[in-house]
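Read off the chains here:
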Amino acid sequence: MSSPTMHGEEQAFVQEAFDTNWIAPLGPNVNAFEKEMADYTGCGHAAALSSGTAAIHMALRLLEVKQGDVVFVSDLTFSASCNPIVYENGTPVLIDAEPDTWDMSPQALKRAYEKYPNPKAVICVHLYGTPAKLDEIMEICQAHGTPLIEDAAESLGSTYRGKYTGTFGKYGIYSFNGNKIITTSGGGMFVSAEEEAAKKVTFLATQARDPARYYQHSQIGYNYRMSNVTAGIGRGQLMHLEEHKAKKKAIYEYYRKAFADIPAIQMNPMNADGDANNWLSCMTISADCGITPDMIMDTLDEKLNAETRPIWKPMHMQPVFANCDFWPHDKDGKSVGEDIFARGLCLPSDIKNTDEEMEQIVQTVKGLF
Ligand SMILES: *Cc1c(COP(=O)(O)O)cnc(C)c1O
């Protein structure tokens, strides 16, 4: 569906790490990767970490989320957006998606403030690479003085009004997990315009070691730094991010054009105010057309051995978050995320797919309608 694509430069940077014996969670590749990410996104400052999840955790640590603190978080997402809130004993309050972007619903967010006027943070996800309605979300956050954390794990390279996602909030995070648009096999990055924030994260992520000759600790730390070996993979991958983005966009356009004449199929939405990285191409199917996502996924698997996935199962439907408060997009209680989950699926979106494979996928899906 979205497997790693390596180009060769990755291996050269890794070889350099071996040649210089920088096989450690620090070193020249780590420093350079941080600088290159900061230059690319314009985020200001970056701290390379072992995962995107760790980066969200560190953002919440900087905001000092503690027992009983409420954090508003996108409901239609991967569990990693939400888990770090619980690591800090905070209380996730789940905000529904809205239909135009599948991202956080500004109107649901507004209503959540009526019950919880003082959340510690808002975590907004740019799902499948489509930028959220950042103007509206930032206006609401600013009106209440709430810091925004952008979970841009899926949206590295996506822009909103010409600026990269991940750089709008107080803090932003990216993921380099194996399935993401670029990968380090596993890894993540914390970003912020505030130099102090990135420094503090680097400090906490290297066991919070005080500046002393001996090992002295005044705070609880973490072993969350990115290794110099994997940072080498990241440096090579970043050189090809624009190319990956162009190929992902071509895949999305291929599907969009191919399914345009089937009224029961809708592609995942784009944000007119932004430019998505099209990390995954997704579709929803009309409820009454007789075809289900399961039928499409089974057929692509059986006929082509092509991998697909359901849409992320919303957090409010997860057994582990069943007790969390949930704010639907519509006041009457209908959940947009639940509807997208029920009618949607993620299509094969690997940039190594050939035109022939794309055509086979399209024809196989069309054959069902
Ligand atoms: C992948 C992902 C994460 C977590 O990133 P890891 O690097 O796998 O820890 C967080 N949020 C979202 C929305 C993701 O898709």
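Further up the page is the structure itself.
A brief look at the structure comes next. (Residues numbered from 1 in each chain as written. Predicted model: local features only at pLDDT ≥ 70, side-chain atom pairs only at ≥ 80, totals over all residues. Heavy atoms only, no water.)

## Regarding the site of the ligand
So, step 1. Near the ligand, the surroundings consist of 15 residues, among which Gly52, Thr53, Glu154, Ser175 and Lys180 are the closest.
So, step 2. Taking Gly52, its main chain carries an N or O atom lying 2.7 Å from an oxygen atom of the ligand.
So, step 3. Between the ligand and Thr53 there is a distance of 2.4 Å, counted from an oxygen atom to a side-chain nitrogen or oxygen.
So, step 4. With the chains in place, 94% of the 380 Å² that the ligand exposes on its own is no longer accessible.
So, step 5. When its residues are assigned to classes, the shell around the ligand shows four nonpolar, eight polar and three charged. (Near = heavy atom within 4 Å. Polar contact = N/O pair within 3.5 Å; in protein donor to acceptor, adjacent residues only side chain to side chain. Areas by Shrake-Rupley, 256 points an atom, 1.4 Å probe, with all protein chains shown as cover. Nonpolar A, V, L, I, M, F, W, Y, C, P; charged D, E, K, R; others polar.)

## Comments concerning helix α12 (residues 355-368)
So, step 1. With 14 residues, α12 ought to run about 20 Å at 1.5 Å a step, and its terminal C-alpha atoms sit 20 Å apart, in line with that.
So, step 2. Along α12, the residues classified as buried are Met358, Ile361, Val362, Thr364 and Val365. Projected down its long axis, α12 carries its buried residues within an arc of 160°, all on one side. Opposite the buried face of α12, at more than 90 degrees from it, the exposed residues are Asp355, Glu356 and Gly367.
So, step 3. Where α12 is buried, its residues meet α9 (241-258), β10 (265-267), β12 (282-285) and α10 (293-304). (Helix = DSSP H or I, 4+ residues; strand = E, 2+ residues; numbered from the N terminus. Expected span 1.5 Å × (residues − 1). Buried < 20%, exposed > 50% of the residue type's maximum accessible area, 1.4 Å probe, protein only. Arc of directions from axis to C-beta. Contact = heavy atoms within 4.5 Å.)

## Describing empty space enclosed by the protein
So, step 1. Enumeration according to the criterion identifies two cavities of 30 Å³ or more in this entry.
So, step 2. Around the largest cavity sit 15 residues that line it, and Ser3, Thr5, Lys180, Ile181 and His244 are the ones nearest its centre.
So, step 3. Considered class by class, the residues forming the lining of the largest cavity number four nonpolar, eight polar and three charged.
So, step 4. Looking at the lining of the largest cavity, you find at least three residues from each of domain 1 (8-240) and domain 2 (242-368).
So, step 5. Quantified by volume, the second largest cavity comes out at close to 40 Å³.
So, step 6. In this structure, the second largest cavity is lined by Ser74, Asp75, Leu76, Ile95, Asp96, Ala97, Trp102, Asp103, Met104, Val125 and Leu127. (1 Å grid on protein atoms, 1.4 Å probe; cavity = no way out; pocket = protein on both sides within 12 Å on 5 of 7 lines; lining within 4 Å. Points joined across faces, edges and corners; volume = space filled by probe spheres on them. Domains from an automatic or database assignment.)

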